[in-house]
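Structural features, examined
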Amino acid sequence: MAGTKFLTLNNGVKMPLIGIGTWQSSDEEIETAIDAALEAGYRHIDTAPVYGNEVAIGRVLKRWLDAGKVKREDLFIVTKLPPIANRPHEVEGVIKKSLADLQLDYVDLYLIHTPFTLNINEDGSFKLDKDGLMEVDVTTNHAATWVEMEKLVANGLAKSIGVSNFSKDQVARLLKNCKIPPATNQIEHHVYLQQRDLVDFCKAENVAITAYSPLGSRGIAKFNAGAGLVRDVPDLLDIPEVKEIAAAHGKSPAQVLLRWIIDTGVIAIPKSSNPKRLKENLDIFDFQLSSGEVDKLLALDKNIRVCDFAFFHGVEKHPEFTFKNQYTN
């Protein structure tokens, strides 16, 4: 089964190389997608409280587990500590809420979702400053939060812990202040945003890379529009070089992009709710890219970030915000 190809993390845990991403999915869409994904052979499911779909995913997992169609030890479930709770005292309560929603006793991997922290009001809405911008919590302390993350492993609530959207410097600082090194750093990674320096550093430190938006993320345009942002998002599936390589192998552009990522020892979590594409995204292990084809794909790097967090206008004021977007100098 294609879904059983693994990467061994720095703690010996085996993580499936291909997972399903679940951001921007309605409850109905995600239940259908997770059902189809499990049928296709996926065992790695990536979610987060901010996606608003943990309850729906939990319903599907419970159905499959109760019916004996899958064993818990064969699943690899990832969720995250959200930006609004990136504080030491919130870690345990937030993961327990996720576990209750997912109807699980533990997650296989728990990530700090972002290196920055946002403030919210009592009703859960984002707190805004006098200029109408997101209010940030500048007291974010990765090392202090990590101590609480490490306790989750000791207490059996998470098998592995890691980070997401962390820069090279942020990972390096954490490595100097931890007992358990992060197992992974989940970052945006695709042919137009290869982040080779960050990827190579993490690999050298035995921190696995998980690529989110490995096929780009055309859906983010709609999300941006909801935040009043109008921005062209490139279509990676329409890149001439990618289409040419795909035609040569009798594969889809998506399969070529995913194979390129996997061949570099990076985990990928493409999102799809289409059963045909879900199967295609797993079916990438029966062809090989030539060195010339790999070179063509490497040459496509344009440092174009799709998820630049501009939809959190004001977050750029946070001292741990390292991305470039339309609001940064």
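You'll find the structure just up there.
Quick summary incoming for the structure in this document. (Residues numbered from 1 in each chain as written. Predicted model: local features only at pLDDT ≥ 70, side-chain atom pairs only at ≥ 80, totals over all residues. Heavy atoms only, no water.)

1. Points about the sheet that holds strand 7 (residues 158-164)
Note: strands within a sheet are paired through backbone hydrogen bonds, in either parallel or antiparallel orientation. Note the following rule: Being paired, for any two strands, means DSSP has found at least two bridges between them. Secondary structure counts use DSSP, requiring at least four H or I residues in a row for a helix and at least two E residues in a row for a strand, with both numbered from the N terminus.
Reading across the sheet, the eight strands line up as 3-4-5-6-7-8-9-10 and stay open at both edges, with parallel pairing between neighbours. In the strand order of this sheet, the two ends are held by strand 3 (20-21) and strand 10 (267-268), each with one partner. Note that strand 6 (residues 107-112) and strand 7 share five bridges and pair parallel. Counterpart to Ile112 in the pairing with strand 7 is Val163.

2. Structural notes on the nonpolar core
One broad rule of soluble globular proteins: the nonpolar side chains tend to lie buried together. Selection criterion: Residues grouped as a nonpolar core are buried Ala, Val, Leu, Ile, Met, Phe, Trp, Tyr and Cys residues, joined through side-chain atoms within 4.5 Å. Note on classification: 1.4 Å probe, protein chains only; a residue is buried when its accessible area is under 20% of the maximum for its type, exposed when over 50%, partly exposed between these limits. In what follows, residue pairs with any heavy atoms lying within 4.5 Å of each other are defined as contacts.
Ranked by size, the top nonpolar core spans 81 residues in total, and within it Tyr110, Val191 and Leu297 carry the most contacts. A total of seven residues in this core trace back to one element, the largest contributor, which is helix 9 (residues 253-263). Ignoring anything within four residues of it in the chain, the contact list for Tyr110 reads Thr79, Lys80, Leu81, Val91, Val94, Ile95, Met149, Leu152, Ala158, Ser160, Ile161 and Gly162. Ranked by size, the runner-up nonpolar core spans 13 residues in total, among them Phe116, Tyr212, Phe309 and Val315.

3. Describing the packing of aromatic side chains
Put simply, the rule reads: Any two of the Phe, Tyr and Trp rings considered here, Trp counted by its six-membered ring, make a pair once their centres fall within 6.5 Å; the pair's planes then place it as stacked at under 30 degrees, edge-to-face at over 60, or tilted in between.
Considering all chains together, one arrives at ten aromatic pairs under this definition. Taking 6.5 Å as the distance between ring centres and 35° as the angle between the ring planes, the aromatic pair formed by Trp23 and Tyr51 counts as tilted. Taken together, the residues span a long stretch of sequence, with Trp23 in the loop between strand 3 and helix 1 (27-40) and Tyr51 in the loop between strand 4 (44-46) and helix 2 (54-66) at a distance of 28 residues. Owing to a relative accessible area of 15%, Tyr51 belongs among the buried residues under this scheme. Taking 5.0 Å as the distance between ring centres and 75° as the angle between the ring planes, the aromatic pair formed by Phe311 and Phe312 counts as edge-to-face. Aromatic rings pair up to connect Trp23, Tyr51, Phe116, Phe126, Phe309, Phe311, Phe312, Phe321 and Phe323 into one cluster.

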